Amino acid sequence: MNNLELKKTANQVRKGIVTGVHAAKAGHPGGSLSAADIYTYLYFEEMNIDPKNPKMEGRDRFVLSKGHTAPGLYATLANRGYFPVEDLTTLRKLGSYLQGHPCMQHIPGVDMSSGSLGQGISAAVGMALSAKIDNKDFRVYTLLGDGEIQEGQVWEASMFAGAKKLDNLVVIVDNNGLQIDGPVDEVNTPYPIDKKFEAFNFHVINIDAHNFDEIRAAFKEAKETKGMPTAIIAHSVKGKGISFMENQAGWHGKAPNDDEYATAMNDLNKIDEELAKEEA
Amino acid sequence: MADKIATRESYGNALAELGAKNPNVVVLDADLAAATKTGVFKKAFPDRFFDCGIAESNMVGIAAGLATTGKIPFVSSFAMFAAGRAFEQVRNSVGYPHLNVKIGATHAGITVGEDGASHQCNEDIALMRTIPGMTVMCPSDDVEAKACVMAAAEMDGPVYMRFGRAACPIINDRPDYKFEVGKGDIVKEGKDLTIVATGICVGNALEAAEMLKADGIDAEVINICTIKPLDEDIIIKSAKKTGKVVTAEEHSVIGGLGSAVCDTLSEKYPVPVKRIGMYDQFGESGSASALLEKYRLDGKGIYAQIKEFLA
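Because the structure is predicted, anything quoted here is derived from the model rather than measured.

Digging into the nonpolar core
Looking at soluble globular proteins, one finds that nonpolar side chains tend to be buried together.
Right, on to step 1. One finds Y43, F62 and F197 of chain A to be the most contacted residues of the largest nonpolar core, which totals 133 residues.
Right, on to step 2. In terms of residue count, helix 5 (residues 120-133) of chain A provides more of this core than any other element does, eight residues in total.

In structure tokens form, the structure reads like this:
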């Protein structure tokens, strides 16, 4: 996909996020929206996957370590063809397979159940280790929140990944700067994030999480990096794309009401129009 | 009586045997390979052994990831850390997705000995059996410990295995012994009283039964290796015969075998029950034998507690 196609797709993913969370009357839009471009790039450009065969042997794996941003993952998987986009409105509802946090047993395309912060990265490390044991060439991607990296297990996993030189592993930190209780650097600062991963023997790349040229270049560089895992620090805007949600910690885990939903969809429709102009 | 051997030794030996049979078996440890005896596997299969360092939570998560790709990971540490520190990782990364991870927890109970209470885990059975879909096994000797490991590798889904540090006698070396997950085993038939025991307490319960015999009390001894799923039938059948049940375990009476037996009997066939174990208390430093004596979990102690129950 070229950048314009990626932007258009990411906008569809964002619509899926707000639609799902609005229908659920609960969920986590802020961190889903900040990662929407990353999700889109991974599933539409980067990863070797097959939506018709979610358990394909030798596929690349993705673990959503920041599991609460499941609306973003689900919207991406639906748009990629793993399941119907219409099902996004069943998010978090009794009887729906779209659980509040990713559940690998019931959701096509979900490689690992997650949600308890700090745990997904360890599973991703285990997957990457398995590929190394068997000399398989699949790659493993895991997305973490910048608040999540306050969990000690993240650094246990990183120490192991660095020590074992897991160059088939890419850790992405969605650095939107906000967590539930406020700015990450006020709650318990994780900064400097890049230097921490460097110290754990990672190759580190800082990017603008909403710039597809930079996203593309970073994943290419990760693939070319041998002998060490890569950490991509993706500097993002929480709530990206929705005017009233951008950079607001309050939209971490809150659903828009009907009026807010209309405004949000209006914002995203405007982006569609701009992208259409760009295309013309 | 045959030579004594600690079930952690059996664990290491069984892993090495299993490694030769099944190439998907991988073993993880957290800087305790010499103590948990996974070092035996490491020596035989260095490419399939991973030392995660002192980071049990991450080790359990790595095992979960390995299991998603078809590996059969055995993760090992002391029970305190495998079930205690990493409880939530076992619950959420292994139990919830029902992944094929086997947890080999050694140094369970007070027979850890001199290290003292910080390392004596008397709570692991309670923690592990609350996790939906988790199989919990606590073997009583070398024969059964090896059988547990082999059976765990054969079955799909998470398994918690509890092993001890202290050497214990071999009691299951009879020709008709057959291990089956979820099945209890009557190691001594009797009619006056049922003793349901697990782990190292099975051998001790047999000793207690011998002492009871001198008093004219004919006790039945049931070895429950699989605490979950519990063999309810064997316990209820025996309770119907004897009308009195004693449980014995090197674990807290809260949440362990005693609780599991009471869960079953209180609902399905209520009879008087005495739970023998650690009574809402921590252990302390001392030799394994001295501790078993002090906390009345050796043959004599179990005998004395049964006599008090019957008085």
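Now that the structure has been shown, we can carry on.
A short note on the side chain of E46 of chain A
Residues and elements named next belong to chain A.
Right, on to step 1. Of note, E46 is situated in helix 3 (residues 36-46).
Right, on to step 2. Within the local environment of E46, its side chain forms a polar contact with the side chain of Y141, the two groups lying 2.6 Å apart.
Right, on to step 3. Once residues within four sequence positions are removed from consideration, E46 is found in contact with Y41, D60, Y141, F219 and K223.

Looking at helix 6 (residues 152-163) of chain A
All names here are of chain A.
Right, on to step 1. Spanning 12 residues, helix 6 covers 17 Å between terminal C-alpha atoms, matching the ideal 16 Å at 1.5 Å per step.
Right, on to step 2. Residues of helix 6 that are buried include every one of Q153, V154, W155, A157, S158, F160, A161 and G162, and no others.
Right, on to step 3. Downstream of helix 6 by one or two residues, K165 has phi in the positive range, about 55°.

Some words on the interface of chain B and chain A
Right, on to step 1. Listed by partner, the interface residues are 24 residues for chain B and 26 residues for chain A.
Right, on to step 2. Both sides together, the interface formed by chain B and chain A hides about 2,000 Å², and carbon and sulfur atoms give 59% of it.
Right, on to step 3. For the interface between chain B and chain A, the tally reads one salt bridge.
Right, on to step 4. The interface formed by chain B and chain A holds 11 residue pairs in polar contact (both at pLDDT 80 or more) in total.
Right, on to step 5. Of all the elements in the fold, those that place two or more residues in the side of chain B that touches chain A are strand 3 (49-51), helix 4 (56-68) and helix 6 (87-95) of chain B.
Right, on to step 6. Taken together, the residues of the side of chain B that touches chain A break down into 10 nonpolar, 10 polar and four charged.

Definitions and cut-offs
Residues numbered from 1 in each chain as written. Chains lettered and ligands numbered in written order. Predicted model: local features only at pLDDT ≥ 70, side-chain atom pairs only at ≥ 80, totals over all residues. Heavy atoms only, no water. Core = buried A, V, L, I, M, F, W, Y, C linked by side-chain atoms within 4.5 Å. Buried < 20%, exposed > 50% of the residue type's maximum accessible area, 1.4 Å probe, protein only. Helix = DSSP H or I, 4+ residues; strand = E, 2+ residues; numbered from the N terminus. Polar contact = N/O pair within 3.5 Å; in protein donor to acceptor, adjacent residues only side chain to side chain. Contact = heavy atoms within 4.5 Å. Expected span 1.5 Å × (residues − 1). Buried area = accessible area lost by both parts, 1.4 Å probe. Salt bridge = Lys/Arg side-chain N within 4 Å of Asp/Glu carboxyl O. Nonpolar A, V, L, I, M, F, W, Y, C, P; charged D, E, K, R; others polar.

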